[in-house]
2 protein chains.
Amino acid sequence: MEILETAAALQARTEMWRRDGSRIGFVPTMGALHDGHLELVRAAVAENDVVIVSVFVNPTQFNNAEDFNKYPRVLESDTELLRNTGCTALFAPTPEEMYPRPAVLQLDFGPLERVMEGAHRPGHFNGVGIVVSKLFHLARPHRAYFGQKDWQQVAIVRQLVADLGFDVELIAAPTVREADGLAMSSRNRRLSPEARQVAPRLHEALLLAAAHLPAGTAVAQAEAQKFLGGFPGIELEYLEIADAQTLQPDLTAGGDVVICLAAWLDGVRLIDNVLVHPASVTAQRNSGGQA
Amino acid sequence: MEILETAAALQARTEMWRRDGSRIGFVPTMGALHDGHLELVRAAVAENDVVIVSVFVNPTQFNNAEDFNKYPRVLESDTELLRNTGCTALFAPTPEEMYPRPAVLQLDFGPLERVMEGAHRPGHFNGVGIVVSKLFHLARPHRAYFGQKDWQQVAIVRQLVADLGFDVELIAAPTVREADGLAMSSRNRRLSPEARQVAPRLHEALLLAAAHLPAGTAVAQAEAQKFLGGFPGIELEYLEIADAQTLQPDLTAGGDVVICLAAWLDGVRLIDNVLVHPASVTAQRNSGGQA
């Protein structure tokens, strides 16, 4: 596995790979790799000739300086983890390498970013859109891999790819969870023992909301909030129930539904979501409702 | 010369050219080609292995329906003109081909678009940024060619390329003019005989402003406005004097200065600009000013 630190070095490699007809898989990450990331890398290795993993804690997508400063940075152990995966190249640039000058252009994803993370982290998806565009132009991937834990991010990147015409196939892989249900996240490393113990309640709350969905979104939301209210270590920031494609609360289109939340546990902000297929909601409704 | 009408066809071609190591030159146009365009094509032919010219009247960069509807569309004669240039492929898609769905993403170029065309044509540069991004992703050019008549557009595209990290070299070529000084433009075809006769006064006004620049921007602006006021067939929309890089009226950085205008002549809107090197301003100032 090659380690590349400059944009020019990555560009030279990907130009060469494109020339020789290699299929390029790309997994953008902010490092502190966990099994969720490694699942993406394994999928990329299985489906492409060469695989690039980027590790870059992108300053422009953080709206909170403390979150940025405390974001775990463990490049050495990340490198070791990647060595056993079949990853071809690790791209680990500095912020100066990615942003020789600050960007002037601002990206606005409209209704897609007026909810959930976009509503609570002003400028977050502008930062995501800019860095993903830059990384795509350097890595020139045929396929790019993202985790569904960041459901809204996947929707944003899908819109970016469609609207700017990037020639890349997006692969969104299911969230990988700990045995107790906690969604794997780099930020889990920062949890205090107490916070780690209560953290699986987030996923339980999402499942509870999903179970109550046949009774309506208001009931589902209230039940989940009531449940989480029983754990003083959890401060819910939002719990939103939305159409999985549009991310808007209007569910009348009848497609998949996504239930997303963000919560603070002892100074650490976690997000999670579950996807609900309308068929399962209808089945539950027909059998008399609340599971 | 090959004529391609679908995104997939162009993409297949450019993928192949990239694979075989060809250098790709790209000239995006809205058609109704004139010698200004052909100069760009000739430069692209001289400097690249293959050259793609696109002809696409992009609906999303028009804020005025009449301007869009009356924009000249003469694909047959454009095709004939291109046949003699050495152009490899003409890309002429439909709006539906370029926009299978309307874009959600909005691009905001900040201060760069708060002036001149951006200030007077709301949404114009969002449309330009989106279509240029799409075209770049289809044409995969090594070099892209633009005319300096659209000075602000060149600045916007340069920012787009820098901020999203497009791997393309931008070439901006000087404005080509008719013998009487009128900047070549596809919209010139729509000028009435009377409007065509008075149109060269726009360039004269810019030269007059440049000549008065040593006396200050207010004087330069006033002189040009007074001059144009003498021609009832010309309705000036704006005349702005700005730093050629930032496009802002603050000239204290001492770099090149651009003088830009837009004006209506008998229902047709034309733009033009001249570039002034500060050395020439200083020289004039030292020799006592007004040329």
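Residues numbered from 1 in each chain as written. Chains lettered and ligands numbered in written order. Predicted model: local features only at pLDDT ≥ 70, side-chain atom pairs only at ≥ 80, totals over all residues. Heavy atoms only, no water.

Observations concerning the interface of chain A and chain B
In step 1: Across the boundary between the two partners, chain A contributes 30 residues, which contact 30 residues of chain B.
In step 2: Of the roughly 2500 Å² buried between chain A and chain B, counting both surfaces, carbon and sulfur atoms make up 53%.
In step 3: Summed over the three residues of chain A that lose the most area to chain B, namely Leu105, Asp163 and Leu164 of chain A, the buried surface amounts to 26% of that side.
In step 4: At the boundary of chain A and chain B, one finds four salt bridges.
In step 5: For Asp167 of chain A, the salt bridge is made with Arg140 of chain B, and the minimal N-O distance between the two is 3.1 Å.
In step 6: Connecting chain A to chain B are 15 residue pairs in polar contact (both at pLDDT 80 or more).
In step 7: At the level of secondary structure, the elements contributing two or more residues to the side of chain A that touches chain B comprise helix 1 (7-19), strand 5 (106-108), helix 7 (124-139) and helix 8 (151-164) of chain A.
In step 8: Looking at the side of chain A that touches chain B element by element, the count peaks at five residues for helix 8 of chain A. (Contact = heavy atoms within 4.5 Å. Buried area = accessible area lost by both parts, 1.4 Å probe. Salt bridge = Lys/Arg side-chain N within 4 Å of Asp/Glu carboxyl O. Polar contact = N/O pair within 3.5 Å; in protein donor to acceptor, adjacent residues only side chain to side chain. Helix = DSSP H or I, 4+ residues; strand = E, 2+ residues; numbered from the N terminus.)

A word on the packing of aromatic side chains
Any pair of aromatic rings gets described here by the distance separating the centres and the angle formed by the planes.
In step 1: Applying the stated criterion across every chain yields a total of twelve aromatic pairs over all chains.
In step 2: Here Phe56 of chain A and Tyr99 of chain A contribute two aromatic rings whose centre-to-centre distance is 6.3 Å and whose plane-to-plane angle is 40°, an arrangement assigned as tilted. Residue Phe56 of chain A is found in the loop between strand 3 (50-55) and helix 3 (65-70), and its partner Tyr99 of chain A is found in the loop between helix 5 (95-98) and strand 5; the two are separated by 43 residues along the sequence. The pair formed by Phe56 of chain A and Tyr99 of chain A is uniform in burial state, with each residue classed as buried.
In step 3: Here the aromatic rings of Phe62 of chain A and Tyr71 of chain A are separated by 5.7 Å at their centres, their planes lie at 75°, and the arrangement is edge-to-face.
In step 4: Here the aromatic cluster, defined as three or more aromatic residues joined through ring pairs, consists of Phe26, Phe136 and Phe166 of chain A.
In step 5: Above the face of the Phe62 of chain B ring, Arg121 of chain B is positioned so that its terminal group lies 6.0 Å from the ring centre. (Phe/Tyr/Trp six-rings, centres within 6.5 Å; stacked < 30°, edge-to-face > 60°. Buried < 20%, exposed > 50% of the residue type's maximum accessible area, 1.4 Å probe, protein only. Lys NZ or Arg CZ within 6 Å of the ring centre and 35° of its normal.)

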